[in-house]
Structures are given as structure tokens and as C-alpha cells.
Amino acid sequence: MKGKDLQGYAFLSPFLILVSIFYIAPAILTIIMSFSSLDGAFLWEFVGFENYGKIFRDPNTFLILRNTILYIVISMAIIVLLDLFIATLTTYFIKSDGWASFFKSIIMIPMITPSVVYSVLWIWYLDASDSGFINSFIRFFDTDFVSVNWIAKYPFQVIIIAQVVVSLAYGAIIFSSAIRSIPDNQFKAAHVDGAGEWEIVKTIIIPNIRPHIKFIIMWETLGLMTNYLNILLITNGGPLNRTEVWALSAYHKAFIDQQYGYGAAISVLLILVVFMIMLLWMFASKSKKEGEE
Amino acid sequence: MSQQNLTHSERRKQNIAIAVMFIFILPIVFMFIIFFSMAFFKDGRLTLENFSFVWGEMRLRDQTTIKSMLPALKNSIIFTFGVTSSEVVISLLAGYALSRLRFTGRRTIQTSLLVLRMFPTLLLLIAVLYVLIALHIVNSLKGVVLVALAFRLPGSTFIIKNFFDAIPRDIENSTLVDGCTRFSGFRQVIIYLVKPGIVSIAVFSFLSAWSNFILFNTLLFGNKTPVVATYIRALTRNEQMIAPYSVIAAMGIVYMIPVIVFFTISQKQLMEGNIGGGKGTA
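For the rest of this paragraph, the subject is the overall build of chain B. Of the regular secondary structure elements, chain B holds 11 helices and four strands. In terms of principal-axis extent, the alpha carbons of chain B reach across some 70 × 70 × 35 Å. Looking at chain B as a whole, 56% of its 282 residues are labelled buried. For chain B, restricting intrachain contacts to residue pairs at least 6 apart in sequence, the fraction spanning at least 24 positions comes to 72%. Total accessible area on chain B stands at roughly 12700 Å², and carbon and sulfur atoms take up 64% of it. Put simply, chain B has 26 plus and 12 minus side-chain charges, and the middle of one group is 4 Å from the middle of the other.

Considering all chains together, one arrives at six salt bridges over all chains under this definition. Residue glutamate 10 of chain B pairs with lysine 95 of chain A through a salt bridge whose shortest N-O separation is 3.7 Å. Of this pair, glutamate 10 of chain B sits in helix 1 (residues 8-37) while lysine 95 of chain A sits in the loop between helix 3 (61-93) and helix 4 (97-112), each in a different chain. Take glutamate 10 of chain B: its relative accessible area is 24%, and that puts it in the partly exposed class. With a relative accessible area of 12%, lysine 95 of chain A lands in the buried category. A salt bridge links arginine 152 of chain B to glutamate 87 of chain B; the nearest nitrogen and oxygen atoms lie 3.1 Å apart.

Structurally, the position occupied by serine 249 of chain A is in helix 13 (residues 246-256). Setting aside residues up to four positions removed in sequence, serine 249 of chain A forms contacts with Ile64, Glu244 and Ile266 of chain A.

On the side of chain A, 104 residues touch chain B, which itself brings 99 residues to the contact. Across the interface of chain B and chain A, roughly 9300 Å² is buried in total on both sides, 79% from carbon and sulfur atoms. Linking chain B to chain A there are two salt bridges. For the pair chain B and chain A, the number of links is 10 residue pairs in polar contact (both at pLDDT 80 or more). No other element matches the 18 residues that helix 1 of chain B contributes to the side of chain B that touches chain A.

To continue, consider the confidence of the model for chain B. Mean pLDDT over chain B stands at 83; residues scoring 70 or higher make up 91%. Here residues 273-282 of chain B scores under 50 on pLDDT; set against residues more than four positions off or in separate chains, the count is 32 contacts.

How big an interface is tends to be reported as the loss of accessible area on association of its parts. Residues and elements named next belong to chain B. Taken as a whole, chain B is organised into domain 1 (8-47) and domain 2 (70-271). If you average the C-alpha positions of domain 1 and of domain 2, the two centres end up 32 Å apart. Each partner contributes to the interface: domain 1 provides six residues, whereas domain 2 provides eight residues. For the domain 1 and domain 2 pair, buried surface summed over both sides reaches about 540 Å², with 89% attributable to carbon and sulfur atoms. Among the residues of domain 1 in contact with domain 2, Phe35, Phe36 and Ala39 are the three that bury the most area, contributing 69% of the side total. Viewed at the interface, domain 2 and domain 1 are joined by zero salt bridges. On the surface where domain 1 and domain 2 come into contact, there are zero residue pairs in polar contact (both at pLDDT 80 or more). Class assignment for the residues of the side of domain 1 that touches domain 2 results in six nonpolar, no polar and no charged.

Here the focus is a nonpolar patch on the surface. Together, Trp99 and Phe102 of chain A together with Phe22, Leu26 and Phe30 of chain B make up a nonpolar patch on the protein surface, roughly 440 Å² of accessible area in all. Those elements that provide at least two residues to the nonpolar patch are helix 4 of chain A together with helix 1 of chain B. Considering every element that reaches the nonpolar patch, the biggest residue donor is helix 1 of chain B, with three residues. Among the structural elements, phenylalanine 102 of chain A can be located in helix 4.

In this section: the environment of serine 68 of chain B. Residues and elements named next belong to chain B. With respect to the helices and strands, the residue serine 68 is situated in the loop between strand 4 (65-66) and helix 2 (70-100). Look at serine 68 and you get buried, because its relative accessible area is 18%. Measuring from C-alpha to C-alpha, the distance between serine 68 and phenylalanine 53 comes to 5.0 Å, with 15 residues separating the pair along the chain. Sequence-distant contacts of serine 68, that is, excluding residues within four places in its chain, are made with Phe53, Val54, Trp55, Gly56, Glu57 and Tyr231. Here the side chain of serine 68 touches valine 54 through a polar contact of 3.4 Å, landing on its backbone oxygen.

Looking now at the packing of aromatic side chains. The description of two aromatic rings rests on the distance between their centres and on the angle between their planes. Applying the stated criterion across every chain, the model contains 44 aromatic pairs over all chains. Relative to tyrosine 52 of chain A, the ring of phenylalanine 49 of chain A lies with its centre 5.8 Å away and its plane at 50°, an arrangement referred to as tilted. Its relative accessible area of 60% is what places phenylalanine 49 of chain A among the exposed residues. Where phenylalanine 35 of chain B meets phenylalanine 36 of chain B, the ring centres are 5.2 Å apart and the plane angle is 75°; that geometry is what we call edge-to-face. Per residue, the accessibility class of phenylalanine 35 of chain B equals that of phenylalanine 36 of chain B, and both read buried. Pairwise contacts between aromatic rings join Tyr118, Trp122, Trp124, Tyr125, Phe133, Phe137, Phe140 and Phe141 of chain A together with Phe32, Phe35 and Phe36 of chain B into one cluster. We note lysine 54 of chain A situated over the ring of tyrosine 262 of chain A; from NZ or CZ to the ring centre the distance is 4.4 Å. Seen from the ring of tyrosine 92 of chain A, lysine 95 of chain A lies directly overhead, with NZ or CZ sitting 4.8 Å from the centre.

As a further point, take the packing of helix 3 of chain A against helix 8 (residues 155-180) of chain A. Residues and elements named next belong to chain A. Helix 8 packs onto helix 3 with a crossing angle of 40° between their chain directions and a minimal axis gap of 6 Å. Overall, the two elements helix 3 and helix 8 adopt an arrangement that is oblique. Judged by the twist between their axes, the crossing of helix 3 over helix 8 is right-handed. For the contact of helix 3 with helix 8, the residue count by class is 18 nonpolar, eight polar and two charged.

Turning our attention to helix 8 of chain A. Residues and elements named next belong to chain A. Counted at 1.5 Å a residue, the expected span for helix 8 with its 26 residues is 38 Å, and the 38 Å between its end C-alpha atoms agrees. The sharpest bend along helix 8 comes to roughly 40°, located at serine 167. Of all the 26 residues making up helix 8, 22 are buried; the element is thus mostly covered by neighbouring parts of the structure.

Quick notes on the rules
Residues numbered from 1 in each chain as written. Chains lettered and ligands numbered in written order. Predicted model: local features only at pLDDT ≥ 70, side-chain atom pairs only at ≥ 80, totals over all residues. Heavy atoms only, no water. Helix = DSSP H or I, 4+ residues; strand = E, 2+ residues; numbered from the N terminus. Buried < 20%, exposed > 50% of the residue type's maximum accessible area, 1.4 Å probe, protein only. Contact = heavy atoms within 4.5 Å. Areas by Shrake-Rupley, 256 points an atom, 1.4 Å probe, with all protein chains shown as cover. Lys, Arg positive; Asp, Glu negative; His and termini not counted. Charge placed at Lys NZ, Arg CZ, Asp CG, Glu CD. Salt bridge = Lys/Arg side-chain N within 4 Å of Asp/Glu carboxyl O. Buried area = accessible area lost by both parts, 1.4 Å probe. Polar contact = N/O pair within 3.5 Å; in protein donor to acceptor, adjacent residues only side chain to side chain. pLDDT = per-residue confidence, 0-100. Domains from an automatic or database assignment. Nonpolar A, V, L, I, M, F, W, Y, C, P; charged D, E, K, R; others polar. Patch = residues over 30% accessible without salt bridge, like charges linked within 9 Å, V, L, I, M, F, W, Y side chains within 5 Å. Phe/Tyr/Trp six-rings, centres within 6.5 Å; stacked < 30°, edge-to-face > 60°. Lys NZ or Arg CZ within 6 Å of the ring centre and 35° of its normal. Axes fitted to C-alpha atoms, helices over the stretch in contact; angles between N-to-C directions. Parallel < 35°, antiparallel > 145°, perpendicular 65-115°, else oblique. Left-handed = near helix turned anticlockwise from the far one by under 90°. Expected span 1.5 Å × (residues − 1). Bend = angle between axes of the 7 residues up to and from the residue.

Here you go:
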């Protein structure tokens, strides 16, 4: 028994060492930090729940919470609907593999584009000056058109669209391989019964890939909740906090204002929410025994 | 799905679907093509001048100079190579142990893998910075490599463990009978059986390491160690573009060449739906 343990841990040691020092330790440290007033001077001074109290007193908290919820709900709804749309078209309606993989690779391009470049693409697309693509495009048809600063005018819509375009590929590919694994005779039977295409989508495709839909909803919710990268790069939370979301505000408090303790407290609250979603997911997939991935 | 003998109505529906998809992807395609084609034009003529930042300093019209991209490219290559190769080796070892060896604590580690793989690592950066300071490896490429590895290992170990789980135990037992030790059997036989798993880990590790931005942005400061991501970012602040779009497009092309190459080679892997960690999971 002892020898077996030794062998197992010999294989695991690089993994365990790295993950404990640079992943688990920071996770614990984040919780400890959230009770301290740690700042740029790096002096530990414990202040109890002061940081948490500060979150509730902060006048911006309500706005940030509202932004976060709207951002998650709207983006997720659009992502899941478009994913279903793309997957059904490219897998069920387009039977040619060549075309299907052509469209899927196009959709993957935004996903593989490094975010630093991807964000510039949007900034250029919507640039307020005449070099902006949309502005010059409209001017091409309407010479009197006065350039609009799209990002300043519609920041929230912009970050949602930018995020949706990046996120499309993942769900579309998962859905598409799920649709592919539906037995062909189900479709044949439906055709024999004279079912219309819309009915086939509603009664065969969607029920068959329901576990995958749930998985994507969970996955995208977690992603949208915690990944602030595109917002940081496109609007940086502005203008006037209009696109500031919860995770990004933790980043701003910690790395811009150097209020590490306060930033950690904001992170801890979000981590708690993430944990609740993960627990819910695990219970749901365990009880149904249909958890995918 | 069958693709032979489409009926007339199936063919018609397929054509409609292809048309709809074309309309759908058109804005994205336009956006990318027009943006990147700007790289090859200056004052309305076709030129490669916009790429001169690769080899040396570049002087812009308003007299600002852009430093050469070479040091940043070098750092990015070192970082990506370090992360990808170590990630493959370490996750192979760990995935094998978790799939095949029996030892105390195996269950606990397996369960924690599930949690760690979905945990929002971006929220831990504040504490990670503190750990790096305590270990005296803050503001160095080495430190960022270790952090990137630690963040990605649970996900890739989970993927490779599933590949190991799929190998019949008999194959492995026969290597043991043939006189291999656990380790030599692992090295000589088992690794070849999980090759697709290794490829998919390597692909995702490469893509994420090469395009990583947030780790460098938060853990490296003072411009001491530029990487391509921070190099480009420094010229494209939200408020104001420092370089003209044509130069940035050229930089984007240089940055994306390895991505496109990898993408083309590994497209099949990506398509199969075993996407490891989505974009931006640091």
C-alpha cells in the first residue's frame, strides 16, 4: 500500500506542487485578504467585515450589479439561440460536410483571435472618427451623415455583441456534434409522419440535445460572470461605469486603485455565486445521470 | 449524417441554409478581411512598409517611434513554448496516475479537479501577485509561466485522464507482464495510445498561451518584459490609438500567423467538440 501511494504521488508531484502554490494557495489567500485592508504598501491589517460593508455602501454597487445581470442574461440568451440556429443549419439542413465545416471554421475565427487584436477590430469598426468602418460605410451611402461615436453612445450593446461573436463557436460546435449523434431514423420517422421542419427542430432536435443546452447555459453563465477581458479591452468599464461588471470592478479596485483587500472581497462574493452555480449543476447532473462533459 | 442521395427538397433546403449562413457570417468576414487588408496599404498604394516594426524601430508620421517587436516576439515564443511543453508533460503524468494507479487520496484529487477546472482563475490574480512577491519571482517571465501552468493544469489533466480511461486495461497489463515497469510501459506504449489527447491539449495550451494577455497585464509591470500582447496593447489604449490602424493591422497579422497555422493543422481536433477551456480562461 505504501509503495503504491509513493508511485501515485511521484507521478502527481509536479501537478500537485504547481497547483497548490499558484492556484489553491491564492484561492485561500484571496479569502484571507478580503478581511484585510491590504493596499499598495502590502501591510497586513485585519479589518473584519469592513470590506464587505464597503461594498454595500458603495453607491456604484447597484449599477454594477444591474449591469452584470443584464450583461449575463442578454448575452447568454443570444448566444444559446444563435448556437442552436447555427448548429441546426450546419448539421441538419446542410448535409454537405464541406460546407458545414467551412461555416464552422469561419465562426471559430473570432474565438481564436487573440483578444488584444479582437478588441482593436471592434474599436476600429466603431471608431468615432472618419476612419471608423461603420461611419465611413454609412457615409458612402449618405454623404451628409455625421459620424457617431458608437462605443460612447451604445457601450453596453457593443460589449454584448462583441462577446456574443466570440462565444458563438464553442456552443455551436458542442450542439452540432450532439445533433450529429441523434439517430437518423428519428428524422426519417418524423418525415414519414409528415412533420414540418420547424416541428422536427422542436420535437426531435431540442429534446435530444437538452443536456447539452443546459451545459452550455451553465458554462456561458460562468464565463460571462467571470471573464471580463473583452469589456476591459473595448470599453474598460466606461463611459461612466456604464459597462462596469462585477468581475471587472474587482480588477479595477485591486490593480488600478491598489485596494487589494477590497478587490479580494468583491472577488470572494462572486466566487461564492460561482460555487453555488457549480453545486447546482453537479446536483442536477448527478440526479439525472445525464451530465454531459 | 447521410450526405448521399439528397432528395430534391433536401437539396433545396440545403441551398437555402447555405445562403442564410452566408448572410450570417458576412459581417464577421468583412470585418476581418477589411481590417487586415489595411496592413498592406499606405497612402493608397500597396506596400509592406507597415511591417517595418518587425525588424527595427518604426517612425510614425507624428514623430513618435515604435520599438521593434522582436524582443516581444522572443518573450512570447519562450513563454508559449515553456507553458505548452510543460503542460503536456505534467498533465500526462498526472492524468495517467489519476486514471490508472490506486493510491490514498485519489478520489479527493479527482473531485477537486472538477471544481478547479471550472473555477474562475481570473478572480485570483490579486492573491497570485502576492504569492509571486513572496517567492521573489514577481515581474519575471518565469513567474508568469508557473502561474499560467497552474491555472491550466486541472483542465488539461482532466481531458487527458478521460483519454487514459478509454484505453482498455488489458493493453496496459500486457506491458507489465512483458517486463516493463510502470514508467517504461507508460513511456513506450501508453503514450502512443493517447496521442490524440496529447495533440488536443497541446493545441489549446498553445492557443491560450500565445494569446494570453491578462496575466502579463497584471503580473508584469514596468515594461521590463514585453510580450506581443502587451506590446500591441500599449499602442491601442481604449482612449486613443497611438499607431495608425494600418500598422496595428500589420501587427495583428504577425501575431496571428502562428495561430492560423496551428488552427489549420488542428481544425479537426477543434471541431470534434473537445474544446478544453474556452477563450480567456487564462
